[in-house]
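What the coordinates show
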Amino acid sequence: MAEKRRLFIKLNRLRDEIDSNGELKLTSNESHYLFRVMRMRSEDLLEVIDGKGRLWNAKIVEKKAIKLTNGFDKPLQFVSRERPLIGIAIVIPKKGFENFLQMSCEIGVDIIQPLISKRSVVKECSNEKIIRYKKIIYEAVEQSERLWSPELMQVLTFPNWINDMSSEAQVGFAATRIEDLPDCVTWVKETPHEVNQVWVVIGPEGGWNKEEEELAFSAGFVGVSMGETILRTSTAAVSASQVMTSWRRLKSSF
């Protein structure tokens, strides 16, 4: 059976913009992707996802529109969001952040929190950057066949993020040059699956400063090691993503 192409369309568009004939007008970017990139034609079938757990069968009805086969109210599939939610908080690195977004999405991370720290090279994030980051995530959702899209949170400073963090979340604080830290794998094995959120925080390539380390530990974060070598920020974040999603998927056998 031929593979069906997937198209990510936000829930509010599907809910609000489907016309009386059950058709949804495509944006210029969507039209370019379907007709120029994927070489699709009228009457070709595809799958539509909303990033909120739903999937519909659809077909192209003309060069500018698609139609959901069974209508908006009857998705072909719906899956609930897996629990606990997996979060990665990462100080935005100068290089590698976009690759991290793609890979963490493919791996199965649920929440991505970009951070600014004292030793950050990147000190601000423009709206244009955020738009690009979201586009990378949407494309990774389509490619990886996920039904839930990760949430990309507003960029925060490290102290502000700590202040907003739920007291019920379990947070591993990835650090280097601190003796006797448990390995991230060991820490997550001991984390109960009944918690609502599990996070690992990845710092800048220059490392956390002492004030940030003290702030994290006073907030109840658990220091963890990402291994015996010093990793780049993006590498450490991908590694942590894989560890946590494997723990959630395999549960007691991990």
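Going along each chain's sequence as written, the residues are numbered from 1 onward. With pLDDT at 70 or above as the cut-off, local features in this predicted model cover only qualifying residues; side-chain atom pairs require 80 or more to be listed or tallied, and sums for whole chains, interfaces and linings still use all residues. For the side-chain quantities, the full set of heavy atoms in the structure was used; hydrogens and water were omitted.

- The name an unreviewed UniProt entry assigns to the protein is Ribosomal RNA small subunit methyltransferase E, from the organism Prochlorococcus marinus str. PAC1.
- UniProt positions are given in the numbering used here, feature names are shortened, and annotations may be inferred rather than shown by experiment. Quoted straight from UniProt, the Subcellular location (unreviewed entry) entry for the protein says "Cytoplasm".
- In the Catalytic activity (unreviewed entry) part of its UniProt record, the protein is described as follows: "uridine(1498) in 16S rRNA + S-adenosyl-L-methionine = N(3)-methyluridine(1498) in 16S rRNA + S-adenosyl-L-homocysteine + H(+)".

1. Thoughts on the packing of helix H3 (residues 97-107) against helix H8 (residues 233-250)
- Only the stretch in contact is used when a helix axis is fitted, and all axes are lines through C-alpha atoms; the angle between N-to-C directions ranges over 0 to 180 degrees. Strands are runs of DSSP state E lasting at least two residues, helices are runs of H or I lasting at least four, and both sets are numbered from the N terminus onward. Running from amino to carboxyl end, H3 crosses H8 at an angle of 5°, the nearest separation of the two axes being 9 Å. On the basis of their axis angle, the class for H3 and H8 is roughly parallel. For the pair formed by H3 and H8, the contact residues are Phe 100, Met 103, Ser 104 and Ile 107 on the first element and Ser 234, Ala 237, Val 238, Ser 241, Gln 242 and Thr 245 on the second.
- Taken together, the residues that form the contact of H3 with H8 break down as five nonpolar, five polar and no charged. Each angle gets one of four labels, with under 35 degrees taken as roughly parallel, over 145 as roughly antiparallel, 65 to 115 as roughly perpendicular, and the rest as oblique. We call two residues in contact whenever any of their non-hydrogen atoms come within 4.5 Å of each other. Each residue gets one label: Ala, Val, Leu, Ile, Met, Phe, Trp, Tyr, Cys and Pro are nonpolar, Asp, Glu, Lys and Arg are charged, and the others, such as Gly, are polar.

2. Some remarks on the domain arrangement of the protein
- Taken domain by domain, the protein consists of domain 1 (6-78) and domain 2 (85-252).
- Those domain boundaries reflect an automatic or database domain assignment. On a C-alpha basis, the centroid separation for the pair domain 1 and domain 2 is 33 Å.
- If you look at the interface, domain 1 gives twelve residues, while domain 2 gives eight residues.
- Two parts lose some accessible area (1.4 Å probe) when they are put together, and adding that loss for both gives the buried area. Together domain 1 and domain 2 conceal approximately 970 Å² of surface at their shared face, both sides included; 64% is due to carbon and sulfur atoms.
- The largest share of the area that domain 1 buries against domain 2 comes from Arg 6, Phe 8 and Gly 51, three residues that together contribute 51% of it.
- Basic side-chain nitrogens of Lys or Arg form a salt bridge, by our definition, when they fall within 4 Å of a carboxyl oxygen of Asp or Glu. Taken together, the connections running from domain 1 to domain 2 amount to zero salt bridges.

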